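The lines below spell out each chain.
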Amino acid sequence: MDLSVVAFWILSAVAVISAFGVVFFKNIIYAVLSLISVLIAISGLFFNLGAELIGALQILIYAVAIVVFYVLVISTVPEYKGEAVDPKYALLSAPFGFMLFMELAFVSIYGLWKSGTGIFMPQVVQEVSNAKAVAVILFTKYLFPFEVASLILLVAMIGAIVLGKKDIVED
Amino acid sequence: MIPEFVHAGFPILSALIIVPMIAAAIVFALNEKMAKPVSIFTSAVVFVISSYLLLIYDPSGYKIQFYEKYQWIPQFGISYEVGVDALSLTMLWLTALAFFVSFIWSTNIEKRIKEYFIAFLILEAACIGVFVAWDLVAFYVFWEVMLIPMFLIIGIWGYAERLYAATKFFIYTFFGSLFLLIGVIGMYIYNFYTNGVLSTSYFDLLNVKLPHNLELIFFLLLALGFAVKVPMWPFHTWLPAAHVQAPTAGSVILAAVLLKMGTYGFVRFNLPWFPEASKYFMPVMFALGVIAIIYTAMMAIAQTHIKRLIAYSSVSHMGFVTIGTFALNQEGVNGAIITMISHGLTSGALFLAAGFIYERLHSYEMKDLGGMAKFVPVFATLFMISAMASAGLPGLSGFVGEFLVLLGTFKVSVLTATLAGLSLIVGAAYTLWLYKKTMFEEELLSEERIKEYEHLKDLNKAELWSFLPFVIFMFVIGLYPNWWINLINTTSQFVLHKIVGG
Amino acid sequence: MVPYEYYLVLSGLLMVLGFVGVIVRKNIIALLISTELMLNSVNIAFVAFDMKLNDVAGQVFVFFILTIAAAEAAIGLGLIMAIYRMKKDVDVTKIAELKG
Amino acid sequence: MEYLWIIPFSPLIAFVIIGLFGYKFLREPLSGIVAVIGVAISAIASIIGFIDVAKTGNYYNLKLFNWMTIGDYNIAVSILWDPLSALMTCVVTCVSTFIFIFATGYMKGDESYPRFFAYLSLFVFMMLMLTLSDNLVQLFFGWEGVGLASYLLIGFWHYKKSAANAAMESFVVNRVGDWLFLLGILLAFVTFGTLDYIQIFNKVPGVSVGIITAIALLLFGGAVGKSAQIPLHIWLPNAMEGPTPVSALIHAATMVAAGVYMVARLMPVFAASEVALNTVMFIGTMSAFIAATMGLVQNDIKRIIAYSTLSQLGYMFAAEGLGLFGEGMFHLTSHAVFKALLFLGSGSVLIALHHLLDIQKMGQIGRAMPITMGTFLIGSLALAGIPPFVGFFSKDSIIEGAFEVNKFVFMLLWAGAFLTAFYIFRLFFLTFFSTDRLDPHLREHLHESPPNMTIPLIVLASATVILGFFKEFFLNFLKPSLEPHSMKFLSEEAKIFVFEGLSRSHNVEIEANAFHFLGHSLSSFLGIVLLATALAGIFTAYVIYQLRKVDPVKIGEMFQPLYKLFYNRWYFDYIYYAIFVYGYYKLSKVLWFVGDKIVIDGIVDGSAKVSIFSGDIFRKTQIGRISGYVLQMLIGTAIFLALFLIIR
Amino acid sequence: MMSIIQQIVSGLGTPNFFVLMPEIIITTTALLLLVVELFTKNKNLLSTLAILGLGLAIISIFFIQQGDITLFGLYIVDTFSLWFKFMILITSIIIFAVFNPYIESKRTFYGENYYLMLFAILGMMIMVSSPNLVTFYIGLELMSVSIYILVGLWKRDYKSKEGAFKYLIIGGAGTAIISYAIALIYGRTGSFDFIRIASEIQDKADIGVLGGLLLLIVGLALKASAVPFHFWTPDAYESALTPITAFMGGVVKLATYAAIVRVIIGAFPFSEEIWAYGWAILAAASMIIGNFVALRQKDVKRMLAYSSIAHTGYIVGALASGNIIGFQALIFYSLVYVFMAIGGFIFLAAFEKNEGWTNHIDDFKGLAKKHPIMALYMLILMFSMLGIPPTAGFMGKFGVFIALISANVWWLAVVLVITSIVSAGYYLKIVANMYMHDPADDRRFYLTPMEKSVIAFLSIITLLLGIYPAIFWDISNLLTQSLVMVSIAR
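This is a predicted model, so every value here is computed, not measured.

Conventions adopted
- Residues numbered from 1 in each chain as written.
- Chains lettered and ligands numbered in written order.
- Predicted model: local features only at pLDDT ≥ 70, side-chain atom pairs only at ≥ 80, totals over all residues.
- Heavy atoms only, no water.
- Helix = DSSP H or I, 4+ residues; strand = E, 2+ residues; numbered from the N terminus.
- Rg over C-alpha atoms; globule rule 2.2 N^0.38 Å.
- Contact = heavy atoms within 4.5 Å.
- Areas by Shrake-Rupley, 256 points an atom, 1.4 Å probe, with all protein chains shown as cover.
- Lys, Arg positive; Asp, Glu negative; His and termini not counted.
- Charge placed at Lys NZ, Arg CZ, Asp CG, Glu CD.
- Salt bridge = Lys/Arg side-chain N within 4 Å of Asp/Glu carboxyl O.
- Polar contact = N/O pair within 3.5 Å; in protein donor to acceptor, adjacent residues only side chain to side chain.
- Nonpolar A, V, L, I, M, F, W, Y, C, P; charged D, E, K, R; others polar.
- Core = buried A, V, L, I, M, F, W, Y, C linked by side-chain atoms within 4.5 Å.
- Buried < 20%, exposed > 50% of the residue type's maximum accessible area, 1.4 Å probe, protein only.
- Buried area = accessible area lost by both parts, 1.4 Å probe.
- Phe/Tyr/Trp six-rings, centres within 6.5 Å; stacked < 30°, edge-to-face > 60°.
- Lys NZ or Arg CZ within 6 Å of the ring centre and 35° of its normal.
- pLDDT = per-residue confidence, 0-100.
- Disulfide = S-S within 2.5 Å.
- Pairing = 2+ DSSP bridges.
- Axes fitted to C-alpha atoms, helices over the stretch in contact; angles between N-to-C directions.

## Examining the overall build of chain C
Okay, step 1: Helix and strand counts for chain C come out as 3 helices and 0 strands.
Okay, step 2: In sequence order, the secondary structure elements of chain C are arranged as α-α-α.
Okay, step 3: What you see for chain C is a C-alpha radius of gyration of 17 Å, clearly larger than the 13 Å of a compact globule of 100 residues, by over 25%.
Okay, step 4: Pairs at least 24 apart in sequence give 53% of the contacts found in chain C among residues at least 6 apart.
Okay, step 5: Accessible area for chain C stands at about 1,700 Å²; split by element, carbon and sulfur atoms hold 58% of it.
Okay, step 6: Across chain C, 8 positive and 8 negative side-chain charges occur, with their mean positions spaced 15 Å apart.

## Concerning the interface of chain D and chain B
Okay, step 1: Taken together, the contact pairs 49 residues of chain D with 59 residues of chain B.
Okay, step 2: Of the charged contacts in the structure, one is a salt bridge between D:D601 and B:K168, with a shortest N-O distance of 2.6 Å.
Okay, step 3: Viewed at the interface, chain B and chain D are joined by 19 residue pairs in polar contact (both at pLDDT 80 or more).
Okay, step 4: Counting only elements with at least two residues in the side of chain D that touches chain B, the list comes to β1 (60–70), α4 (136–154), α5 (161–192) and α26 (572–621) of chain D.
Okay, step 5: A per-element tally of the side of chain D that touches chain B places α5(D) first, with 18 residues.
Okay, step 6: Its residues assigned to classes, the side of chain D that touches chain B comprises 32 nonpolar, 7 polar and 10 charged.

## Details of the nonpolar core
Okay, step 1: B:F403, D:Y151, E:F247, E:F268 and E:W279 are the most contacted members of the largest nonpolar core, which totals 835 residues.
Okay, step 2: A per-element tally of this core places helix α15 (residues 324–352) of chain E first, with 21 residues.
Okay, step 3: Apart from the residues lying within four places of it in its own chain, the contact partners of D:Y151 are B:M384, B:M388, B:L432, B:Y435, B:F440, D:A167, D:M168, D:S170 and D:F171.

## Concerning the pattern of salt bridges
Okay, step 1: Here the structure, examined in full by the defined rule, presents 41 salt bridges over all chains.
Okay, step 2: When the shortest N-O distance is used, the salt bridge between D:K63 and D:D196 registers 2.9 Å. Linking D:K63 in strand β1 with D:D196 in the loop between α5 and α6 (197–203), this pair joins segments that are 133 residues apart in sequence.
Okay, step 3: Linked by salt bridges that have partners in common, E:E162, E:K166, E:D235, E:E238 and E:R302 make up one network.

## Some remarks on the interface of chain A and chain C
Okay, step 1: On the chain C side, the residues contacting the 86 residues of chain A number 67 residues.
Okay, step 2: Ranking the residues of chain A by area buried against chain C places A:L49, A:Y70 and A:Y80 at the top, with a combined share of 11%.
Okay, step 3: Linking chain A to chain C there are 1 salt bridge.
Okay, step 4: For A:E83, the salt bridge is made with C:K26, and the minimal N-O distance between the two is 3.4 Å.
Okay, step 5: There are 15 residue pairs in polar contact (both at pLDDT 80 or more) connecting chain A and chain C.
Okay, step 6: Of all the elements in the fold, those that place two or more residues in the side of chain A that touches chain C are α1 (3–24), α2 (28–49), α3 (52–76), α4 (87–110), α6 (130–140) and α7 (143–164) of chain A.
Okay, step 7: Of all the elements, α1(A) adds the most residues to the side of chain A that touches chain C, at 13 residues.
Okay, step 8: Looking at the side of chain A that touches chain C residue by residue, the class counts come to 63 nonpolar, 16 polar and 7 charged.

## What about unusual backbone geometry?
Okay, step 1: In the segment running from B:V230 into B:P231, the intervening peptide bond is cis, with an omega of -15°.
Okay, step 2: Following E:V227, the chain continues into E:P228 via a peptide bond in cis, with omega recorded as 0°.
Okay, step 3: Look at D:R548: it is not a glycine, yet its phi comes out positive at around 55°.
Okay, step 4: Despite not being glycine, E:N359 shows a phi value in the positive range, around 60°.
Okay, step 5: The topology assignment puts E:N359 in the loop between α15 and α16 (367–370).
Okay, step 6: In this structure E:N359 comes out as buried when scored by relative accessible area, which is 4%.

## Quick word on the packing of aromatic side chains
Okay, step 1: Taken as a whole and judged by the stated rule, the model has 149 aromatic pairs over all chains.
Okay, step 2: Taking 6.1 Å as the distance between ring centres and 75° as the angle between the ring planes, the aromatic pair formed by B:F219 and B:F274 counts as edge-to-face. Taken as a pair, B:F219 in helix α9 (residues 212–229) and B:F274 in the loop between α11 (248–273) and α12 (275–301) lie far apart in primary sequence, 55 residues in all.
Okay, step 3: Judged by its relative accessible area of 0%, B:F219 is buried.
Okay, step 4: With relative accessibility at 0%, the residue B:F274 sits in the buried group.
Okay, step 5: With a centroid separation of 6.5 Å and an interplanar angle of 85°, the aromatic rings of E:Y115 and E:F119 are classed as edge-to-face. On the criterion of helical spacing, the pair formed by E:Y115 and E:F119 is a turn pair, its members being 4 residues apart in helix α6 (residues 112–128). For the pair E:Y115 and E:F119, a shared accessibility class is recorded, and that class is buried.
Okay, step 6: Stacked on the ring of D:F517, the Lys or Arg D:K471 has its end atom at 4.3 Å from the ring centre.
Okay, step 7: Across from the ring centre of D:W592, 4.4 Å away, lies the NZ or CZ of D:K597, which sits over that ring.

## Some remarks on the confidence of the model for chain C
Okay, step 1: For chain C, per-residue confidence averages 90 on the pLDDT scale, and 100% of positions sit at 70 or higher.
Okay, step 2: Reported confidences for the modelled complex are a pTM of 0.93 and an ipTM of 0.93.

## Some remarks on the state of the cysteines
Okay, step 1: One pass over the full model with this rule turns up 0 disulfides over all chains.
Okay, step 2: D:C90 carries a free sulfur, and the closest cysteine sulfur to it, the one in D:C94, is 5.3 Å from it.

## Side note on the sheet that holds strand β3 (residues 78–84) of chain B
Residue and element names in this part refer to chain B.
Okay, step 1: The 3 strands lie next to each other as β1-β2-β3, forming an open sheet whose pairing is mixed. Lying at the two open borders of the sheet, with one neighbouring strand each, are β1 (4–7) and β3. This sheet shows a mean twist of 50° between the axes of neighbouring strands, independent of strand direction.
Okay, step 2: Where β1 meets strand β2 (residues 63–73), 4 bridges bridge the pair, whose relative direction is parallel. Bridging across to β2, E4 finds its partner in K63.

## A closer look at the pairing of β1(D)
Residues and elements named next belong to chain D.
Okay, step 1: In this structure, β1 lies alongside strand β2 (residues 73–81), joined through 9 bridges in antiparallel fashion. In the strand pairing of β2, Y60 is matched with W81.
Okay, step 2: Remark: 2 residues form the turn of the hairpin made by β1 and β2, two consecutive strands paired antiparallel; G71 in that turn has positive phi of roughly 55°.

## What to know about the arrangement of the chains
Okay, step 1: There are 8 pairs of chains in contact here, and the one with the most contacts is chains A and C.
Okay, step 2: As for chain C relative to chain B, no contact occurs, and the smallest C-alpha gap between them is 25 Å.

## With respect to the pairing of β2(B)
Okay, step 1: With 8 of its 11 residues buried, β2(B) lies for the most part within the structure.
Okay, step 2: Here β2(B) hands over to β3(B) after 4 residues, with B:G77 in that stretch at a positive phi of 65°.

## Concerning the environment of D:H520
Residue and element names in this part refer to chain D.
Okay, step 1: By secondary structure assignment, the location of H520 is in helix α22 (residues 514–523).
Okay, step 2: Owing to a relative accessible area of 31%, H520 belongs among the partly exposed residues under this scheme.
Okay, step 3: Through-space distance from the C-alpha of H520 to that of I386 is 14 Å; in sequence the pair is 134 residues apart.

So this is what it looks like as structure tokens:
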């Protein structure tokens, strides 16, 4: 019973519980906070799996950047009155959500997943750190998508600005 | 059996299709005054050419004449392939005649003249195309194109409920023709899988040897498409609606040409392609035909709206064509073809008569009509001749077809012939009823009605000249059918060659 | 060592929870948050697969997913602002003028 | 004999001329004259042909042109000129000629004078096509053609509702017969592979009796319709709506006799089947008797004569049914003459009385118009069967034949003879003598008809007197077409076959020579009885209607039910109207509403409604709220996955 | 030891940027516009620049040698991608051409519109030329993100925001689903390259592939707005600026179909019994829902949105055959459908400029009297969508029929027939309103010559493609060959 197992169970428990929080917290602030905890838990899982770079990015991008957006917006938008979840939809979605989950779980468990096709054996990763490996691949093979991703961010920024601008309302 | 092809030196059939389209373009370009003369001239030219073809057609031996074939969509082995045998040719001629007549008739159109004539010209091109095309896709294209102008004609120049009628007409026929399309594609695919031939040409599909159940299915698919167009009972209800609402010329075309396409399809495709299925379904077709004949004859006599009466009478006559076709013997098919022509003439003339009455008295309802005979003697005479021809009086065109059909049917099924023969009685009943209600019984009229009638105009030039061709050819066919029968004999032999051998 | 399938099941669970969240929440901001949740759940699967395959391409993909999540969050929040400005409300039941 | 083609076509030419130029150029007198000339020419031609045949006894078969080819058989427009057709043609043309002449006077001043003669000429053409035909199709052509002509002529005064209805009725009822007739033709063609009489006759022996019977009966059905026998007789009395010359020509002399002619023409076929002959006989007899009873109590002068026509046609059919084809044809001839005479007489009366029809309102007009009365009397005597008029020779021989062959038939025909004598003289007395019930205004300018009307009367009357003495000549003349052994166009076996067929029914020798027949019937018991019967009929009528010894009304009350039955024409018309006119019409209406409007169109339009309705249902899914959309997406995804994961 | 890294890097070689010329041109134009737009608000200048860029890109296409896989196997430039890029650019030019008058009349100018559209186009171009799930994904997202914004860009109009938001949320969910699918496929095959994937799963598909493939289909269906993932479509289409709607309904649809074919044939050529059946179900649902609901629409813009859902049904229905003919039919239909869709929406856009035109079905009444020529064009477009010869729409349906029947998918063919008949109900309603009713008033509408000529071009080409479709059949044949050559004939 080594540590990683324990870590997995704890982190996943946290993630799931706070995910439920995201879904069911009435107060939007709590929802955002539980989102943060989900993200952190997930990044914890990344570390547990040995993907340090992604784990770090996760915390950086999300827990810092995106959540800040949310907090900003929430601060401008007054607190939302009225119940958090619509019981009718909750009742309707629960069985099908469960069904979908069962299917996904079925797939996950019985799928013949490949293993060890890649070149980054643990010992290789030992030598070149995970960060370096990812970085090399990202900036060589996946350079092009990376550039496009930057374009996407550009577009998103423009969009956020132009949509959030005042003149959209009165002009 | 692949017939021999006589290639045309000059692509005359394509010309027949193109000329009306060009005319339509010209009309589109010119002003409204010119629309009518241009279109009349065009249709006259087309009629003359087709009559000329009718005369120079060589009926000895089955040859596809004036044949042209060009690649169209090579990927699917689809080509533009036109040519005529006697069946196509007679139908082509009938089409040209009917359009000629209805163009002459259309003097009284004042609403949106240009569109009117453009629609009719395009319709003419499409109808000609349907009858001369030998490639299935080309056939289907023309078959569908024809819906658009007819939809507009009924919908724009029709009467009160024209929208309902036009939509019903369009959707109903579209429904049928899509199944026809599926059937054709099925044949095409099957032919490709078995013979490895990728072609939609009629003659390539003629060689397909189908397994029995598949043959039945394809037969039904095609039959559904055609049955809606014929229309056979119980698919007939669009016809009265369309006829009642359509303008006179539209009704003439509808009755004289469009209905023929269905029966043309039966004779052209179902018999040669599905001989076994044709035998198999013969009783069904007989039953439907007989029902159509008697039931719709009863419908007809129950009407007070004269156009609807005539429409139902058309359905009844088409029942004759159906049983004649599916008698599956020489007399039957000959009779069916002759009946198609003659019904084109008579029902066309009757609709002209109805239009004439409407223009004079502004009503189609029997209660507003009656007692005209004395005031419009010439019209009364022509109307009487048409009515008698439609009632199948010997010496006029109607009798020849009915006699042959009954003879052919009698050989196969006495009962069918006996019941179908009842139309001698019921047919006479509704025809004379119509005539009596519109022309006779002047003494029932009120004084002021008589006053109105005093200045009824008899047929004017245009009306007379649109009547005469129909009436003349009623006599021509009725008095000397031999020429026509010699014309179509080889064709009907070809149609039946898989069934009776030959 | 925990079998990788567990990670997958976890990611599936989070995905479904996000899905359900989009459905049940009435506050449109929460809708957006739930989509974030859905997107993130995928990351777990990717990384888990990576470790199983001894590869890093999955992590590269996770990078892209993060980017896109960010982008959508930005646009979504912009839209929410605009909607709020006009509608003075963030109740999903009110954001239903287009229908039928 | 090529000139024979003139016979049918000269009336046709007249018809075309009148039809085209009648209203524009010819108008009142001229078009009539053209018509008369047209028919006269064909009359002369036919008489020439008649004489030729009478001399030689040959037959001629001309094919004019080939109408239609079916398989290897050509249906040709053709002329078969043998004694039978020659006789019939002569009767048609000659009688027509006189009636045309009469009509020129009768139709004077009618606004559609040309149309009338156009129609008449058309009729004659069609009738001649019928008589001259050598095959069934041409026969049918004429058959339908005369139907058309009679339709047009009955409806000649179509502004009258009654006329229009009568015309339509006659055509449709005829069509019932024609339907059977056409089926007969089809069956004949399928059986024999040909439609020419002569070939058919020679093929008869080879065919089973059942089919022959069927063919014969179907064809006879046509005859029943055309010759207005029970049960298709109802149209003829109503046909009296037409102008009187029409009634005389079409509905007495020629067209209605077409059935009789047809049966005689196809004698070998009918002779081959005993059932067919019996049917013909039975139908004829019934008609003869029932029509006579109907005629008893009518008051419409033309209708009475119409019923007598029915009854006389019945006699002819009875004769043919008995196998006495010769006598039948002879009675046809004589009937054509004296019935035309009677009709024309009544026509001239009508002209004088301005179309007053009710005989109860006439009387005492004999003095004013002697010629009419005289000729009418002759006609009546002939009809009643008083020697030496032609009716006696033709009718009594039939009854005597019946006595030999079938007692039941004899009884009915005998009774019929009495009734005939009674009703015709009832008419005669009530019209020309009896008390004066005539409206004084009419009385003032009551006058004899102009010569162009009286001359035909006189001619026909004289014919009535003399024709009877040519009986033997006629019978011998007809032998080549009706006597098996002397029928040239039959093969030997056919001759024997037909002879056997005939002899099965016809085993009686009637005295052919007129004088012997007269003597025989004045001497033999049967003859005396028959003569007495006729006289008794006349006497009864005289007592009741001239001397007024007995009040007819009393008799009517005495036999109330019988009177009602006769007066209402055995309720035939009512039943037919209820079933075939009203019933059919209403049934159609109902079918239209239920079958077409509700059921079929219900399905068609219903499908449209259904799709619109389902459109509304599906529309509900687009509820506008994101939650709803995503929920449905979730459901969709879950089910979509489940489909594969579970089913596989 | 760095050797491994060096191996990797050296194994990659240098990318051939020349084949990226169109993309580069588009990108530069977009960035140029981004800058220019800061200084000038001259619409015509902006659109001219954009059109210029597109034109250049088109020209550059002709100078590219084909069949090159560059950027370390992440980018393929073959006949297929080039042709689709060509079509995308051409149709985009059309939309740019009629864009300005519209936004002027609606007084909702955003300089962003232009280069966002360009970015979207870039995304599509990347998407159609992706031999690899990563490229595909990134292109798809670039496109989607730009479109989300474009939908929302309507000043002072709440509805456009709502539509955009709905699209964003549903699209986000779709993105998540696609990512998950990619994850599963990656886990099953250990690669993102189509070729590798295909070679990995030649044998019978196991649960993993099944799950991945099905989720991928769901995601693609969502982007292509197939039932039951279509819910964003009517709202987004209705709420967007009409030229943008034309862009979405035409160009984006085209690119999406191309991507679908690319992914399905490229990555899963051997598991057609799965995706054929899956697409068949989705297609049937789309035909039914789309047509029946369109029957009840009064707003023609929304009606056309539903009809585009129905057309998605027809088009992806071709995949149900799972054979070459099916791919050909799909490509042909999608190529010709662009013209109809854009034509229909641009027709609306052109009339929407005028006062008193609300896209309501009754606004069409008597149009044939006021604008006979335009009405004729609309008639052609409508009958083409209905699938009446001699229009391109018929040829498309004809191909689909052939595909389905050749694969014995009779049930789907029958569904297609029935739903086409239903669709007649609403297309005919438009035609009937134009031709068979008298106009309520004699107000004429103003259309710019450019709009007129554009609509004329679109409807006439629709007609011509119907009369002589051989060329386009050749093209689709060619494209299919190139695809199959890349994927199967390995």
